[in-house]
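Residues per chain are reported as follows:
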Amino acid sequence: MSAGTASRGRGRAVLGLVGRRLALAVPVFGLVSVGVFALGAISPFDPVYQYYGSRIFTADEADVARVRAELGLDDGLLAQFGRWAGGLLSGDLGTSRSLRQPVAQVLAERLPWTLLLVCAGLAVAVLLALVFGVWAAWRQGGWLDRVVTAVGHGLEGVPPFVLALGAIAVFALGLRWLPVAGLTDAGAAASPGQVARHLVLPALVLGVSQSPWLVLHVRQSLLTALAEDHVTGARARGLAEHVVVLRHALPTALLPFVTVLGARVPELVTGAVLVEEVFSWPGVAAAVVRAALAVDFPLLAALTLLATAAVLLGSLLADVATALLDPRVATDG
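Bear in mind that the values here come from a model prediction, so they are computed numbers and not experimental data.

The rules behind these values
- Residues numbered from 1 in each chain as written.
- Predicted model: local features only at pLDDT ≥ 70, side-chain atom pairs only at ≥ 80, totals over all residues.
- Heavy atoms only, no water.
- Helix = DSSP H or I, 4+ residues; strand = E, 2+ residues; numbered from the N terminus.
- Buried < 20%, exposed > 50% of the residue type's maximum accessible area, 1.4 Å probe, protein only.
- Contact = heavy atoms within 4.5 Å.
- Areas by Shrake-Rupley, 256 points an atom, 1.4 Å probe, with all protein chains shown as cover.
- Lys, Arg positive; Asp, Glu negative; His and termini not counted.
- Charge placed at Lys NZ, Arg CZ, Asp CG, Glu CD.
- UniProt positions renumbered as here; feature names shortened; annotations may be inferred.
- Phe/Tyr/Trp six-rings, centres within 6.5 Å; stacked < 30°, edge-to-face > 60°.
- Lys NZ or Arg CZ within 6 Å of the ring centre and 35° of its normal.
- Patch = residues over 30% accessible without salt bridge, like charges linked within 9 Å, V, L, I, M, F, W, Y side chains within 5 Å.
- Salt bridge = Lys/Arg side-chain N within 4 Å of Asp/Glu carboxyl O.
- Core = buried A, V, L, I, M, F, W, Y, C linked by side-chain atoms within 4.5 Å.

1. A look at the overall build of the chain
The helix and strand tally for the chain stands at 13 helices and zero strands. Listed by position from the N terminus, the elements making up the chain come as α-α-α-α-α-α-α-α-α-α-α-α-α. Each principal axis of the C-alpha atoms in the chain carries an extent, and together these give about 85 × 60 × 35 Å. By residue count, 37% of the 333 residues in the chain fall in the buried class. Taking the intrachain contacts of the chain between residues at least 6 apart in sequence as the baseline, contacts between residues at least 24 apart amount to 72%. Surface summary for the chain: the accessible area is close to 17600 Å², and the carbon and sulfur share equals 68%. Distance between charge centroids for the chain: 11 Å, based on 23 positive and 22 negative side chains.

Here is the structure:
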């Protein structure tokens, strides 16, 4: 079989994989939507009370009844869900009851900052994994390997918000190297310099919180790759050790690492929410908390579907990247 034919065959297999995953996403989104709506329906909190806040105790009963009717809360559960689902299919995400803004506007204002934090945190985690994972495996049994392994296992059980509070205490309050929270200094414009300076600490915390599993996985995968026949053959040919590790063993070790990155997306999303809350980062985290407390179904459903899409997309991209990098990987999953 020629290289061109093999490449076309692999391309068709990857497209088939993408098509199957997109088809599977439809029922997944449907089940998630129903689940979120059901949880909101059995919640003991009344959305109208959350909508009014403390003003509910002085509000006129007629006004409360009017607001309840305007929000559609007097309709049956199926009618409410059908109205929301119909709007979603037409591109209307509804109006947030807690923020009193269109849900699309809330996402447009907050989502870019969350994406910036997540991408920066993921870059930090990948960099730490490659540097320390490779280094530890290269020097297996040495003091660095023992330190990296011990720290990695220790950090696995530390929640991101604990790391965030510790980082604030050390780098913001103690050393005063970095700002405590927010997107910019008080009263300052959102310039690239201001945003970058305020991004450093939350991105580092998010990246460090996600790095233990990645570091340990790179280390173990590289140790396995170093024992394979093609690496042994490279050493037998007299190649330098750094060439053997970086050019022969590491590419093999990185294939499963790509899959692990996709599997870590749910933890990355959860960690980003916690880090945003601690650092008052203006992303979707505050909206998630507020929507949950106020039983703000339109906003809560949109954020949940967004998180679901991120998880499915991360898994798909990891599988596609693995299939493209290694022609031996089956793409019928």
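2. Some details on the UniProt feature "transmembrane region" (unreviewed entry) in the chain
On the UniProt side, "transmembrane region" (unreviewed entry) is annotated at positions that read residues 21-42, 113-138, 158-178, 198-216 and 299-318 here. Taken end to end, residues 113-138 comprises 100% helix and 0% strand; its first and last C-alpha atoms sit 37 Å apart. Note that residues 158-178 is 71% helix and 0% strand, and that its end C-alpha atoms are spaced 22 Å apart.

3. Notes on the UniProt feature "domain: ABC transmembrane type-1" (unreviewed entry) in the chain
Mapped onto this structure's residue numbering, the UniProt feature "domain: ABC transmembrane type-1" (unreviewed entry) falls at residues 111-318. End-to-end, the C-alpha atoms of residues 111-318 are 22 Å apart, and along that stretch the chain is 81% helix and 0% strand.

4. Here we look at the packing of aromatic side chains
Taken as a whole and judged by the stated rule, the model has two aromatic pairs. Summarising the aromatic geometry, the rings of Trp-113 and Trp-281 are spaced 6.4 Å apart at their centres and angled 90° between planes, so their arrangement reads as edge-to-face. With Trp-113 in helix H5 (residues 103-138) and Trp-281 in the loop between helix H11 (265-279) and helix H12 (285-293), this residue pair connects regions lying 168 residues apart in the sequence. A relative accessible area of 25% places Trp-113 in the partly exposed class. Look at Trp-281 and you get buried, because its relative accessible area is 3%. Plain terms: the ring middles of Phe-171 and Trp-177 are 6.1 Å apart, the flat faces sit at 40° to each other, and that makes the pair tilted. Positioned above the aromatic ring of Trp-213, the side-chain terminus of Arg-264 is 4.0 Å from the ring centre.

5. Observations regarding a nonpolar patch on the surface
Residues Leu-127, Val-131, Phe-132 and Trp-135 make up a contiguous nonpolar surface patch of about 370 Å² in total accessible area. Positionally, Leu-127 belongs in helix H5. Classification of Leu-127 as exposed rests on a relative accessible area of 54%.

6. Concerning the pattern of salt bridges
Per the stated rule, a full pass over the model turns up three salt bridges. Arg-197 is the partner of Asp-185 in a salt bridge, and the nearest nitrogen-oxygen pair spans 3.8 Å. Of this pair, Asp-185 sits in the loop between helix H7 (160-174) and helix H8 (192-226) while Arg-197 sits in helix H8, placing them 12 residues apart in sequence. Relative accessible area serves as the criterion here: at 31%, Asp-185 is assigned to the partly exposed category. Here Arg-235 and Glu-241 are joined by a salt bridge, their closest N and O atoms 2.7 Å apart. On the basis of relative accessible area, Glu-241 is assigned to the partly exposed category, the value being 33%.

7. Looking at the nonpolar core
By size, the foremost hydrophobic cluster in this structure holds 23 residues, and its most contacted members are Ala-129, Val-134, Leu-214, Leu-222, Leu-226 and Ala-249. Mapped onto this core, the elements with two or more residues apiece are H5, helix H6 (143-155), H8, helix H9 (229-236) and helix H10 (241-263). Ignoring any residue separated from it by four or fewer positions in sequence, one finds Leu-214 in contact with Ala-125, Ala-129, Phe-257, Val-260, Leu-261 and Arg-264. One finds Leu-117, Ala-120, Val-195 and Trp-281 within the second-largest nonpolar core, a separate group that totals 21 residues.

8. With respect to unusual backbone geometry
Glycine aside, a negative phi is what most residues show, and trans is what most peptide bonds show. In this structure, Arg-176 takes a positive phi of about 60° despite not being glycine. Non-glycine residue Ser-280 carries a positive phi angle of around 50°. Inspection of the secondary structure assignment puts Ser-280 in the loop between H11 and H12. Take Ser-280: its relative accessible area is 47%, and that puts it in the partly exposed class.

9. Things to note about the environment of Leu-17
Topologically, Leu-17 is positioned in helix H1 (residues 3-41). Between the alpha carbons of Leu-17 and Ala-323 there is a distance of 9.6 Å; along the sequence they are 306 residues apart.

10. Notes on the environment of Ala-189
Within the fold, Ala-189 resides in the loop between H7 and H8. The residues touching Ala-189, leaving out its near neighbours within four places in the chain, are Thr-184 and Gln-194.

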